Amino acid sequence: MKFTKSIFDKEGNDIEKFNELDLDERSIVFYSEDTSSFVYFEQIIHELTEKMGYQICYLTSAKDDLILKNENKNIRVFYIGDSEITKLKFFLELKAKVLIMTMPDLGTYHIKRSKTFPVHYVHVFHAMNSTHRNYRKGAFDHFDSIFCTGYHHVQEIKATEQLYNLKQKNLVECGYGLLDKLQKTKPLQNQEMHTKDGRKKILIAPSWGKKGLLETVGMNLVKILLDAGYHVTVRPHPMTVQKWPKIISRIENTFKDDSNFEMEKDVSSFESLYSTYGLISDWSGIGFEYAFVCERPVIYVDVPHKNNNSDYNKIPYEPLESSIRNLIGKVISPNELAMLPKFIEDLLSKTDQDKKNILDIRKETVFNLGISEKIGAQVLLELLKKKYEK
């Protein structure tokens, strides 16, 4: 997608411009709460606007969102501001036929269902992680349709509906757009996994939380890898940067003079995945993306899992992020960090059998590999036809 200078270069927002549109011009509306959401919509939007010729609206609360510079005439972009009060009022009065978003917790915080129009709300996942532990209780209860990445999402949401006697949602066997995008943009040949002086590139890309990888053993982890002769890139989760900036600053300041250390805060780019000899993570969904795209195993440091739902055990399915970590990589204890260089070489020096296992697991885990955008776009159009044609 090409970008030019934004025409929305001002201090206010574009809510009035959006509300002036005819209802038919607001048939398919995407909402992004930050700059990172677009990559999860991108494949479906491309299918709708460039292949099928449909017009969509794109709402963003990020003033520096690159989508504001969009030049595709089939994408109308509106900056609606990031004030919680403004967003609360806007969404309560929203008139649109279908609204698609990656943000969970619809109806719980400042993003409410419309009180003025029967909007159909669609959730698109921004990770393949399971729904019942990593997210808050009720995070998906108020959506009408869920674009599931794999059968685990279907099982978990159905079990949640049954447990709490919820209205059944339209569970779409869609797939994972980001995975398809990464697969399509993957270099035909493997990227160089070594620096010019021969050091193997290691990427540390964890989730976030008080007991997360960087938050607990980040300093020690980086030092062990650098001392072992690796080139180390730390890719912190945006929430770690936001909530624990002192930890990130400390890591950055401690190792900034080492030419074999990098801090990568731009998580909108995934280029570093392709050239990584090994990925170290904890509970982050990026482990699935790395294993399933680069077809290499992941090393997981077993810090305590992030539990956002104390009742998750009532759902009779083990979360995906727990059940397949040992199948697509190796799980080590934080107490074994001193052995990490050995684990890396033992695991990653011979990956042929691992590759076959990973491909088999990917096939079982993800719906519609390579064509999720076609499924998603078609379902959105069918929703419009079914709900509003009359």
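Everything that follows concerns the structure shown earlier in this document.
Overview of the structure. Everything quoted here is computed from the prediction, not taken from an experiment. All chains use their own residue numbering, which begins from 1 and follows the written sequence. Predicted model: local features are reported for residues with pLDDT of at least 70 only, side-chain atom pairs are reported and counted for 80 or more only, and whole-chain, interface and lining totals are derived from all residues. Side-chain measures were taken over the full set of non-hydrogen atoms in the model, leaving aside hydrogen atoms and water.

## Some details on the pattern of salt bridges
Thought 1: Salt bridges are defined by distance alone: a side-chain nitrogen of Lys or Arg within 4 Å of a carboxyl oxygen of Asp or Glu. Tallied over the entire structure, the rule returns 23 salt bridges.
Thought 2: Where Lys137 meets Asp311, a salt bridge forms, and the shortest distance between an N and an O atom there is 3.0 Å. In this pair, Lys137 sits in the loop between β5 (120–124) and β6 (145–148) while Asp311 sits in the loop between β12 (298–301) and α11 (320–323), placing the two residues 174 residues apart along the sequence.
Thought 3: Here Lys137 falls in the partly exposed class, since its relative accessible area comes to 46%.
Thought 4: When salt bridges with common partners are traced through the structure, they connect Lys186, Glu295, Lys355 and Arg362 into a single cluster. Only DSSP runs of H or I reaching four residues or more are called helices, and only runs of E reaching two or more are called strands; each is numbered from the N terminus. Exposure is judged per residue with a 1.4 Å probe applied to protein chains only, and the accessible area is read against the type maximum: over 50% gives exposed, under 20% gives buried, and values in between give partly exposed.

## Structural notes on the environment of Asp64
Thought 1: Within the fold, Asp64 resides in the loop between β2 (56–60) and β3 (75–79).
Thought 2: For Asp64, a relative accessible area of 60% corresponds to the exposed category.
Thought 3: Counting along the chain gives 29 residues from Asp64 to Thr35, while the straight-line C-alpha distance between them is 7.1 Å.

## A word on the sheet that holds strand β8 (residues 201–204)
Thought 1: The strand order across the open sheet built from 6 strands is β10-β9-β8-β11-β12-β13, with neighbouring strands paired in parallel fashion. In the strand order of this sheet, the two ends are held by β10 (261–263) and β13 (329–332), each with one partner. The average angle at which neighbouring strand axes cross in this sheet is 20°, direction not considered.
Thought 2: As judged from the 4 bridges shared by β12 and β13, these two strands associate in the parallel manner. The partner of Val298 across the bridge, within β13, is Gly329.
Thought 3: The sheet contacts of helix α12 (residues 340–348) involve β8, β11 (278–281), β12 and β13, and relative to β12 the element is tilted by about 150°. In short, DSSP must find at least two bridges between two strands for them to pair. Throughout, an axis means a line fitted to C-alpha atoms (over the contacting stretch in the case of helices), and angles, computed between N-to-C directions, take values from 0 to 180 degrees. Contact between two residues is taken to exist if any of their heavy atoms lie within 4.5 Å; hydrogens are not considered.

## Quick word on unusual backbone geometry
Thought 1: In this structure, Asp105 is a non-glycine residue whose phi angle is positive, near 60°.
Thought 2: Asp105 gets classed as buried once you look at its relative accessible area, which sits at 9%.
Thought 3: Even without a glycine there, the phi angle at Asn165 is positive, about 55°.
Thought 4: If you trace the backbone, Asn165 turns up in the loop between α4 (151–164) and β7 (170–173).
Thought 5: Asn165 gets classed as exposed once you look at its relative accessible area, which sits at 71%.

## Some thoughts on the packing of helix α6 (residues 213–227) against helix α8 (residues 245–255)
Thought 1: Where α6 contacts α8, the axes come no closer than 10 Å and their chain directions differ by 15°. Judged by the inter-axis angle, α6 sits roughly parallel to α8. The two elements α6 and α8 cross, and the hand of that crossing is right-handed. Taken together, the residues of α8 that come into contact with α6 (itself represented by Leu214, Glu215, Gly218, Met219, Val222, Lys223 and Leu226) are Ile247, Ile248, Arg250, Ile251, Thr254 and Phe255.
Thought 2: Class assignment of the residues belonging to the contact of α6 with α8 gives a composition of 8 nonpolar, 2 polar and 3 charged. An angle counts as roughly parallel when it lies under 35 degrees, as roughly antiparallel when it exceeds 145, as roughly perpendicular when it falls between 65 and 115, and as oblique in every other case. Handedness of each helix crossing follows the sense of rotation of the near helix against the far helix: counterclockwise by less than a right angle gives left-handed, clockwise gives right-handed. Note that Gly is not counted as nonpolar here; it falls among the polar residues with everything else outside the nonpolar set of Ala, Val, Leu, Ile, Met, Phe, Trp, Tyr, Cys and Pro and the charged set of Asp, Glu, Lys and Arg.

## Some thoughts on the packing of aromatic side chains
Thought 1: Paired rings are identified among Phe, Tyr and Trp, the last through its six-membered ring, by centres lying within 6.5 Å, and are further divided according to the angle between planes into stacked (under 30 degrees), edge-to-face (over 60) and tilted (the rest). Under the counting rule described, the total for this entry stands at 13 aromatic pairs.
Thought 2: Taking the centre distance of 5.1 Å and the plane angle of 80° together, the rings of Phe90 and Phe91 count as edge-to-face.
Thought 3: Here Phe125 and Phe140 contribute two aromatic rings whose centre-to-centre distance is 5.3 Å and whose plane-to-plane angle is 50°, an arrangement assigned as tilted. Pair noted here: Phe125 is in the loop between β5 and β6 and Phe140 is in the loop between β5 and β6, with a separation of 15 residues, a long-range link.
Thought 4: Residue class for Phe125 comes out buried when judged on its relative accessible area of 2%.
Thought 5: A relative accessible area of 6% means that Phe140 is categorised as buried.
Thought 6: An aromatic cluster of three or more residues is present, and its members are Phe18, Tyr31, Phe78, Phe90 and Phe91.
Thought 7: A cation over an aromatic ring shows up here: Arg26 above the ring of Phe18, its NZ or CZ 5.2 Å from the ring centre.
Thought 8: Here the basic side chain of Arg133 rests over the ring of Tyr312, its NZ or CZ set 5.4 Å away from the ring centre. In this scheme, the term charge over a ring applies when either NZ of a lysine or CZ of an arginine sits within 6 Å of the ring centre and within 35 degrees of the ring normal.

## Structural notes on the pairing of β8
Thought 1: As defined by bridge partners, β8 adjoins strand β9 (residues 231–234) across 4 bridges and the pair is classed as parallel. The partner of Ile202 across the bridge, within β9, is Val232.
Thought 2: Between the parallel elements β8 and β9, the chain passes through α6 in a crossover that is right-handed.
Thought 3: Direction of pairing for β8 relative to β11: parallel, over a ladder of 3 bridges. For the handedness criterion, the strands are oriented away from the viewer, and a crossover whose path from the first strand over the helix to the second runs clockwise is classed as right-handed.

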